[in-house]
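Listed here are the chains, written in short residue letters.
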Amino acid sequence: MTDNKVGFPVPAKMPLTFPKVVSDFVIKTYAEGFCILEYGSGGSTIAAAELPHKTIITVESDSAWLCRLNSHIQHNKLPSQPVTCYADIGPTKNGATQP
């Protein structure tokens with residue numbers, strides 16, 4: 001990881017963390033689609049942004065994670081630029097599930 005000008009670490013890579021069958025489905029579906037709306041951001045957001053001519057909107061509840069994601073997007077100059085939105089959904093467990 002490297003730091004950007006505002007001090008947030010820029011992850012060198014943001015892989016999909018789904019099981020392979022799910023990752024394959026997501027990549028195929030995103031490649032076929034035009035507009036992608038995600039609740040929760042990360043590797044799938046980057047996978048979408050690596051595809052040209054996509055409209056991507058992602059909603060994230062972890063503001064620190066969203067800053068790191070935005071740093072990665074800016075640092076890597078991806079073909080499609082996601083619109084990232086922060087939404088406070090209250091306390092969550094790991095993986096943003098409600099307690």
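In this report, we go over the structure that sits alongside the text. This structure is a prediction, so every number in the text was calculated from the model and none was measured.

What counts, and at which threshold
Residues numbered from 1 in each chain as written. Predicted model: local features only at pLDDT ≥ 70, side-chain atom pairs only at ≥ 80, totals over all residues. Heavy atoms only, no water. Salt bridge = Lys/Arg side-chain N within 4 Å of Asp/Glu carboxyl O. Helix = DSSP H or I, 4+ residues; strand = E, 2+ residues; numbered from the N terminus. Buried < 20%, exposed > 50% of the residue type's maximum accessible area, 1.4 Å probe, protein only. Expected span 1.5 Å × (residues − 1). Arc of directions from axis to C-beta. Contact = heavy atoms within 4.5 Å. Pairing = 2+ DSSP bridges. Right-handed = clockwise from strand over helix to strand, strands pointing away. Patch = residues over 30% accessible without salt bridge, like charges linked within 9 Å, V, L, I, M, F, W, Y side chains within 5 Å. Areas by Shrake-Rupley, 256 points an atom, 1.4 Å probe, with all protein chains shown as cover. Axes fitted to C-alpha atoms, helices over the stretch in contact; angles between N-to-C directions.

Moving on, we get to the pattern of salt bridges. This model, assessed by the stated rule, comprises two salt bridges. In this structure, D24 engages K20 in a salt bridge whose closest nitrogen and oxygen atoms are separated by 2.8 Å. A residue pair is termed a helical-turn pair when its members lie 3 or 4 positions apart in one helix, as D24 and K20 do in helix α1 (residues 20-32) at four residues. Classification of D24 as partly exposed rests on a relative accessible area of 39%. When the shortest N-O distance is used, the salt bridge between K28 and E32 registers 2.8 Å. Of this pair, K28 and E32 both sit in helix α1, separated by four residues, roughly a single helical turn.

Further remarks concern α1. Helix length check: α1 (13 residues) gives 18 Å between terminal C-alpha atoms against 18 Å at 1.5 Å per residue, within 8%. Regarding α1, the residues found buried are S23, V26 and Y30. The buried residues of α1 occupy an angular sector of 65° when projected down its axis, which confines them to one face. Residues of α1 that are exposed and point more than 90 degrees away from the buried face comprise K20, V21, F25 and E32. As for α1, its buried residues are in contact with β3 (35-39) and α2 (43-49).

With that settled, consider the pairing of strand β5 (residues 83-86). Across four bridges, the pairing between strand β4 (residues 55-60) and β5 is parallel. Counted as the bridge partner of V59 is C85 from β5. Assessed by its sense of winding, the connection that carries the chain from β4 through helix α3 (residues 63-76) to β5 is right-handed.

Moving on: a nonpolar patch on the surface. A cluster of nonpolar residues, F18, V21 and V22, forms a patch on the protein surface that exposes about 260 Å² of accessible area. Using a relative accessible area of 33% as the deciding quantity, one classes V22 as partly exposed.

The next thing to look at is the sheet that holds β3. Taken in spatial order, the three strands make up an open sheet running β3-β4-β5, and their pairing is parallel. Taken across any chain shown, the strands that pair with only one partner, and hence form the sheet edges, are β3 and β5. The mean inter-strand angle of the sheet, taken between neighbouring strand axes irrespective of direction, is 15°.

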